Amino acid sequence: MREIHQQKRYSEMTEYELKQEIAELTEKARKAEQMGIVNEFAVYERKIAMAKAYLLNPEDFKPGEIYEIVGDPGSFFKIKYLNGVFAWGYRLNGNGEEEALPISMLAK
């Protein structure tokens, strides 16, 4: 009989567990990229961004302020409000639609 491994939520993980998870996901992303599996690589990149968001303090991000989007040079995001580790707002060069980004994707 197979043992069912229950994955903890990122919000339940310790800093050490989050860093371990990020290291594992980074390795899987690297392998997917080497093998040319673009969609799998993108999924790992998103998971890494989510895990990294839980290592940050949402109070360091302020509504009304503008941040550069990490990995998208020249793209900026204005925060309307925060909900957990997600910043809700809109891209300055976008279509004006509200979206949510993990705070780990925002840089001063």
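This is a predicted model, so every value here is computed, not measured.

Calculation rules
Residues numbered from 1 in each chain as written. Predicted model: local features only at pLDDT ≥ 70, side-chain atom pairs only at ≥ 80, totals over all residues. Heavy atoms only, no water. Helix = DSSP H or I, 4+ residues; strand = E, 2+ residues; numbered from the N terminus. Buried < 20%, exposed > 50% of the residue type's maximum accessible area, 1.4 Å probe, protein only. Contact = heavy atoms within 4.5 Å. Areas by Shrake-Rupley, 256 points an atom, 1.4 Å probe, with all protein chains shown as cover. Domains from an automatic or database assignment. Buried area = accessible area lost by both parts, 1.4 Å probe. Salt bridge = Lys/Arg side-chain N within 4 Å of Asp/Glu carboxyl O. Polar contact = N/O pair within 3.5 Å; in protein donor to acceptor, adjacent residues only side chain to side chain. Nonpolar A, V, L, I, M, F, W, Y, C, P; charged D, E, K, R; others polar. Phe/Tyr/Trp six-rings, centres within 6.5 Å; stacked < 30°, edge-to-face > 60°.

Draft legend 1. Quick peek at the overall build of the chain. Within the chain one finds 2 helices and 5 strands. Overall, the C-alpha framework of the chain stretches about 50 × 30 × 20 Å when taken along its three principal axes. Within the chain, the proportion of its 108 residues that are buried is 26%. Counted over contacts in the chain with a minimum sequence separation of 6, partners at least 24 positions apart contribute 35%. When the accessible surface of the chain is split by element, carbon and sulfur atoms take 52% of a total near 7700 Å².

Draft legend 2. Main features of the domain arrangement of the chain. The assigned domain composition of the chain is domain 1 (10-54) and domain 2 (58-107). Its C-alpha centre places domain 1 at a distance of 21 Å from the equivalent point of domain 2. If you look at the interface, domain 1 gives 5 residues, while domain 2 gives 6 residues. Between domain 1 and domain 2, the buried area comes to about 420 Å², and carbon and sulfur atoms account for 83% of it. Considering only the surface of domain 1 that becomes buried against domain 2, A49, M50 and A53 emerge as the three largest contributors, covering 80% of it. There are 0 salt bridges connecting domain 1 and domain 2. In this structure, the connection of domain 1 to domain 2 is made through 1 residue pair in polar contact (both at pLDDT 80 or more). Its residues assigned to classes, the side of domain 1 that touches domain 2 shows 4 nonpolar, no polar and 1 charged.

Draft legend 3. The packing of aromatic side chains, seen in detail. All chains considered together, the criterion is met by 3 aromatic pairs. Between Y10 and Y54, the aromatic rings sit 6.4 Å apart at their centres with planes inclined by 55°, giving tilted as the arrangement. One end of the pair, Y10, is in the segment before helix 1 (15-34); the other, Y54, is in the loop between helix 2 (38-53) and strand 1 (66-69), with 44 residues separating them in the sequence. For Y10, a relative accessible area of 16% puts it in the buried group. The exposure class of Y54 is partly exposed, given its relative accessible area of 32%. With 5.5 Å between their ring centres and 45° between their planes, F61 and Y67 make a pair best called tilted. A residue is classified by how much of its surface remains accessible, and Y67, at 1% relative accessible area, is buried.

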